[in-house]
Amino acid sequence: MPELSTDAIWQNRLEQIHSEVDDIRLPDVVDGVEQDEEWCEIVLNGEKRRIRFHDYANVFRIPGLYEELFYENLKCCSPSYIANLLESVVRENGESLDEFRVLDVGAGNGMVGDQMQALGVDSIVGVDIIPAAMEATHRDRPDVYDDYYITDLTDLPEVDEESLRQADANCLTTVAALGFGDIPPLAFAKALDLIATPGWLAFNLKEDFLREHDDSGFSQLIRRLNRDGYIQTHCYRRYQHRISMGGDPLFYVAVIARKVKELDNELLESLQSV
Ligand SMILES: C[S@@+](CC[C@H](N)C(=O)[O-])C[C@H]1O[C@@H](n2cnc3c(N)ncnc32)[C@H](O)[C@@H]1O
């Protein structure tokens, strides 16, 4: 059984990390700034620096900044929200997380891994595309991931594919990492292809990416995965992922689904140009 409630996990972790950030200041005037252009000013060893929220490499290099910025200041709840939702859906289905081997894609500095570990999963493998994410995970959460790969799922080297398949994952998590120039539909589908059938997937997406006229490709992909029987959606829930730098709620959709059919090359190839 976990010793901490999952909401307390990042706070406890932040205490262990010894944040190097003296202060974070969010700008006063924010009209018209897109979510992936948001920024803040931080004070680090007495010096001011401007940091764009989505410049993850720079964020991860400063111990404690990601946790303080997104979780303390911007009230992000997604890693614990998605992990708890997954746990409750899986339990309702008579299964238990202790047999889960998780592939966490867009793992960043390991906040989702922390949550899944606390819920008692068997193993966790992380994937990200920037080395700074893995370095931060090894620095701040050295005991969470069994393995961590820096690789590009849209063009996966054979050697990485082989190792990832050997991890024999039966659950895919991807939190706060789809869209916005981050993980594209092809990489998400490839990640889904890497887990076992049957398996589970838990992810979140900004609600706009699931609308009929979305042009990120996710709305179409998720619909197709359901329609053509690759996945079975068990839970589709709108919730507040975090607030924007101006203090407005940002709504995302949490999805918990079961992978029930192997993906085929035709599906993956059709996503090459999306
Ligand atoms: C907002 S962070 C989320 C980290 C973590 N999942 C969490 O919830 O705290 C997004 C992460 O996705 C990663 N990412 C972006 N594009 C990616 C891609 N194509 N493949 C894998 N990871 C990617 C970024 O490097 C970053 O670490």
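First, a word on scope: everything that follows refers to the structure included in this document. Remember, it's a predicted structure, so these values are computed and weren't measured experimentally. (Residues numbered from 1 in each chain as written. Predicted model: local features only at pLDDT ≥ 70, side-chain atom pairs only at ≥ 80, totals over all residues. Heavy atoms only, no water.)

1. Focus on the sheet that holds strand β6 (residues 147–150)
Thought 1: Across the sheet, which stays open at both edges, the 7 strands sit in the order β6-β5-β4-β7-β8-β10-β9 with mixed pairing between neighbours. A single partner strand is all that each edge strand has here, and the edge strands are β6 and β9 (231–243). Strand-to-strand, the axes of this sheet are offset by a mean angle of 20°, without reference to chain direction.
Thought 2: Judged from the 4 bridges that link them, strand β7 (residues 171–174) and strand β8 (residues 199–206) form a sheet pairing that is parallel. Residue threonine 174 lies in a different strand from β8, and its bridge partner there is phenylalanine 203.
Thought 3: Contacts from helix α6 (residues 131–140) reach β5 (123–128) and β6, with the element oriented near 160° to β6. (Pairing = 2+ DSSP bridges. Helix = DSSP H or I, 4+ residues; strand = E, 2+ residues; numbered from the N terminus. Axes fitted to C-alpha atoms, helices over the stretch in contact; angles between N-to-C directions. Contact = heavy atoms within 4.5 Å.)

2. A short note on the site of the ligand
Thought 1: Every one of the 19 residues lining the ligand counts as a neighbour, but Tyr66, Gly106, Asp128, Val175 and Ala176 are closest to it.
Thought 2: The contact in question runs from an oxygen atom of the ligand to an N or O atom on the side chain of aspartate 128, over 2.6 Å.
Thought 3: One of the backbone nitrogen or oxygen atoms of valine 175 is found 2.8 Å away from a nitrogen atom of the ligand.
Thought 4: Bound to the protein, the ligand loses 96% of the 600 Å² it would expose on its own. (Near = heavy atom within 4 Å. Polar contact = N/O pair within 3.5 Å; in protein donor to acceptor, adjacent residues only side chain to side chain. Areas by Shrake-Rupley, 256 points an atom, 1.4 Å probe, with all protein chains shown as cover.)

3. Overview of the packing of helix α1 (residues 9–17) against helix α5 (residues 111–118)
Thought 1: Contact geometry of α1 with α5 gives a least axis separation of 10 Å together with a crossing angle of 115°. Classified by chirality, the crossing of α5 by α1 is right-handed. Only Met111, Asp114, Gln115 and Ala118 of α5 make contact with α1, whose side of the interface consists of Ile9, Trp10 and Arg13.
Thought 2: Partitioning the contact of α1 with α5 into residue classes produces 4 nonpolar, 1 polar and 2 charged. (Left-handed = near helix turned anticlockwise from the far one by under 90°. Nonpolar A, V, L, I, M, F, W, Y, C, P; charged D, E, K, R; others polar.)

4. Side note on the pattern of salt bridges
Thought 1: In the structure shown here, the tally under the stated rule is 21 salt bridges.
Thought 2: Among the ionic pairs, arginine 258 bridges to glutamate 95, the shortest N-O distance being 3.0 Å. Of this pair, arginine 258 sits in strand β10 (residues 249–259) while glutamate 95 sits in the loop between α4 (78–92) and β4 (101–105), and the two are 163 residues apart along the sequence.
Thought 3: In this structure, aspartate 208 engages arginine 211 in a salt bridge whose closest nitrogen and oxygen atoms are separated by 2.9 Å. (Salt bridge = Lys/Arg side-chain N within 4 Å of Asp/Glu carboxyl O.)

So far we have only geometry, and geometry alone does not tell us how the molecule works.
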